[in-house]
Amino acid sequence: MVATSDTNLLAGPAPSGAPRRYVYVQTFGCQMNVNDTDRIMQVLAPHNYRPTDDPAQASLILLNTCSVRDKAEQKMLSQLGRLAPLKEYNDDLVLGVAGCVAQQEGERLLKKVPYLDLVFGPDHIAELPELVARAREHERVSETTFTKRKAFTFIEAEPREETRVSEFVTIMKGCDKVCSFCIVPFTRGREVSKPADAVVREVERLVAAGAREVTVLGQNVNSYGKDLQGDRIPTFAELLRRIDAIEGLERLRFTTSHPMDAIDDLVACFGELPSLCEFFHLPVQSGNDRVLREMRRFYTVAEYEETVAALRRQSPGIALSTDIIVGFPGETDAEFEDTLALLARVRYDTIFAFKYSPRPGTRASEMDDTVPEPVKRERLARVLALQDAITRERMEAYVGETVEVLVEGPSRMASKGQAARWQLMGRTRTNVIVNFPVPLGEFWSDRWIGKLARVNVEEAKSNSLYGTLA
Ligand code: SAH
Ligand code: F3S
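Residues numbered from 1 in each chain as written. Chains lettered and ligands numbered in written order. Predicted model: local features only at pLDDT ≥ 70, side-chain atom pairs only at ≥ 80, totals over all residues. Heavy atoms only, no water.

## A look at the layout of surface pockets
- Within this model, the second largest pocket holds a volume of roughly 350 Å³.
- Along its surface, the second largest pocket is lined by 21 residues, and Pro-122, Phe-152, Thr-153, Phe-154 and Ile-155 are the ones closest to its centre.
- Within the residue set of the lining of the second largest pocket, elements represented by two or more residues are helix H1 (31-44) and strand S8 (172-173).
- Sorting elements by how many residues they give to the lining of the second largest pocket places H1 first, with four residues.
- Looking at side-chain class alone, the lining of the second largest pocket contains nine nonpolar, four polar and eight charged residues.
- Summarising the domain contributions, the lining of the second largest pocket has at least three residues from each of domain 1 (9-145) and domain 2 (149-277). (1 Å grid on protein atoms, 1.4 Å probe; cavity = no way out; pocket = protein on both sides within 12 Å on 5 of 7 lines; lining within 4 Å. Points joined across faces, edges and corners; volume = space filled by probe spheres on them. Helix = DSSP H or I, 4+ residues; strand = E, 2+ residues; numbered from the N terminus. Nonpolar A, V, L, I, M, F, W, Y, C, P; charged D, E, K, R; others polar. Domains from an automatic or database assignment.)

Right, here's the structure in full:
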């Protein structure tokens, strides 16, 4: 069959008679949601749904939601409000909510939002075509039961037509930890690991389709495999070794890792596995032991810093990032200062910092939210200001260095009065964005995409580096 521009390459053959429809998905929150959106597109494609960027063109609109903090949830609700008028113009339109808010709210969301047709949790993506068909029959559908651990099967990702240089592969769902502030165990359920052979197959397929970098995803990747049965279940470190051995894979990353489980094995992988990039996101949350205990994180600041030291011994120059929560219930000024002191000692390359937000059903939400909003705001601003200064210094340190960049694609045209030169962008192994110009002819030739370039760094900005080909 010859593909024309009208053929949905993503979809493959459509069941005969299925009319072509457009789906608009807006994704909120973490990489896990981004990956779920890809699976949503994958299961809809054989039913002749094509993606669109224009909600007005769509006959299916889905918001793939995040509930980790209240703000994310509010953003989703106001977006729903903006989309509501489309329902009046398009009888055929099905409006649905997926992801963590859907899982958490279920039927309640249908009650709260009268024009909403469909609510489904992350465990129900495979059934989406049937759920949409029911909603089209003007039934209001809510599917949020968790699939039992043993019965859960992952949708194996198929490479898209346009495989990106850098792709994500889910290796597990859910989280068995009990961090007192966190809603994820409630919205994503218990940990279920994808069998190692399936993970390896998926990475192999992505590499065959053009991916050069893969990030394996889970809420707590170092507990990978603990739920699987059998006598040859790999640990997370062993899984990384198997992936590292895949021919053609240049770079391997993972996220997220809890500072407690099996961390020594994982530290040992750095410097040993050639594809494993020198970057580690290791959420600490707080620099104070009492607060960590209340958060039920089960490590001390000293233990955490030992892990950081071990990582830096194993892989000097490794880039580190973390998550910080300010204003946890009961956090005093002095305890907050401990977090600033930790940031100053560790000197992360980047951080993600959040004001504590009470989440329904969590243990912490039963404690008094004692830190007033203006204090939370001020603490957040101080954390960010300190980290900005550290990040700037870490970025400046790249100037004069030659770095290996995996080229992802065009960045923007640099018109500095010289002959037209066009910028490509890519990332270092330490996950910093680098922009560099190439001659116009080469820019259009695609010859750089997915290739490793060596770039002399000449300038550091707050979020990215600029340089020229070495
Ligand atoms: N292991 C997960 C964590 C998910 S939540 C992962 O894949 O990253 C991401 C971050 O959000 C957490 O590390 C924490 O810093 C922050 N967070 C979670 N719950 C929060 C809450 N109730 N209030 C503020 N920040 C929160
Ligand atoms: Fe949340 Fe802690 Fe798991 S932050 S995702 S409960 S490791």
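## Digging into H1
- With 14 residues, H1 ought to run about 20 Å at 1.5 Å a step, and its terminal C-alpha atoms sit 20 Å apart, in line with that.
- A large share of H1 lies buried, amounting to 12 of its 14 residues.
- Residues of H1 that are buried include every one of Met-32, Asn-33, Asn-35, Asp-36, Thr-37, Asp-38, Arg-39, Ile-40, Met-41, Gln-42, Val-43 and Leu-44, and no others. (Expected span 1.5 Å × (residues − 1). Buried < 20%, exposed > 50% of the residue type's maximum accessible area, 1.4 Å probe, protein only.)

## Topic: unusual backbone geometry
- The omega angle of the peptide bond from Thr-255 to Thr-256 is 5 degrees, so this bond is cis rather than trans.
- When you line up the elements, Thr-256 lands in the loop between strand S11 (251-255) and helix H9 (263-269).
- Even without glycine at this site, Arg-296 takes up a positive phi of about 55 degrees.
- Mapped onto the elements, Arg-296 comes out in the loop between helix H10 (289-294) and helix H11 (301-314).

## Notes on the site of ligand 2
- In the vicinity of ligand 2, the contacting residues are Cys-175, Lys-177, Cys-179, Phe-181, Cys-182, Val-184, Pro-185, Gln-219, His-258 and Arg-297.
- Of the residues in the shell around ligand 2, the class split is six nonpolar, two polar and two charged. (Near = heavy atom within 4 Å.)

## Description of the site of ligand 1
- Taken together, 13 residues are adjacent to ligand 1, and Gln-219, Thr-256, Gln-285, Asp-323 and Ser-357 come closest.
- Phe-181 is positioned such that a nitrogen or oxygen atom in its backbone is 3.0 Å from a nitrogen atom of ligand 1.
- At 2.7 Å from a nitrogen atom of ligand 1 is found a main-chain nitrogen or oxygen belonging to Gln-219.
- Contact with the protein chains hides 85% of the accessible area of ligand 1, taken as 540 Å² for the molecule alone.
- Elements with a contribution of two residues or more to the shell around ligand 1: strand S13 (319-326) and strand S14 (350-355).
- A class-by-class count of the residues in the shell around ligand 1 yields five nonpolar, four polar and four charged.
- Each of two domains, domain 2 (149-277) and domain 3 (285-397), supplies a minimum of three residues to the shell around ligand 1. (Polar contact = N/O pair within 3.5 Å; in protein donor to acceptor, adjacent residues only side chain to side chain. Areas by Shrake-Rupley, 256 points an atom, 1.4 Å probe, with all protein chains shown as cover.)

## Notes on the sheet that holds S13
- Strands sit in the order S12-S13-S14 across an open sheet of three strands; the sheet is parallel. The sheet is open, and its two edges are formed by strand S12 (279-281) and S14, each paired on a single side. On average, each strand axis in the sheet is tilted by 10 degrees relative to the strand beside it, whichever way the strands run.
- Looking at chain direction, S13 and S14 are connected through six bridges and run parallel. The partner of Ile-324 across the bridge, within S14, is Ala-353. (Pairing = 2+ DSSP bridges. Axes fitted to C-alpha atoms, helices over the stretch in contact; angles between N-to-C directions.)

## Brief notes about the environment of Ala-397
- By the element assignment, Ala-397 lies in the loop between helix H13 (373-396) and strand S15 (402-414).
- Spatially, the C-alpha atoms of Ala-397 and Val-434 are 14 Å apart, while their sequence positions differ by 37 residues.

## Concerning the packing of helix H12 (residues 333-346) against H13
- Put simply, H12 and H13 touch, their axes get as near as 10 Å, and they point 15 degrees apart. The angle between H12 and H13 falls in the class roughly parallel. Here H12 and H13 pass one another in a crossing that is right-handed. Across the interface between the two elements, Asp-333, Phe-336, Glu-337, Leu-340, Leu-343 and Ala-344 from H12 touch Arg-379, Arg-382, Val-383, Leu-386, Gln-387 and Ile-390 from H13.
- In terms of residue class, the contact of H12 with H13 is built from seven nonpolar, one polar and four charged. (Parallel < 35°, antiparallel > 145°, perpendicular 65-115°, else oblique. Left-handed = near helix turned anticlockwise from the far one by under 90°. Contact = heavy atoms within 4.5 Å.)

## As for empty space enclosed by the protein
- All chains considered together, the criterion is met by two cavities of 30 Å³ or more.
- Its boundaries defined by the atoms lining it, the largest cavity holds a volume of some 70 Å³.
- Around the largest cavity sit Asn-35, Asp-38, Arg-39, Ala-157, Glu-158, Pro-159, Arg-160, Glu-167, Phe-168 and Leu-206, which together line it.
- Secondary-structure elements contributing two or more residues to the lining of the largest cavity are H1 and strand S7 (166-170).
- The biggest single contributor to the lining of the largest cavity is H1, with three residues.
- Tallied by class, the residues present in the lining of the largest cavity amount to four nonpolar, one polar and five charged.

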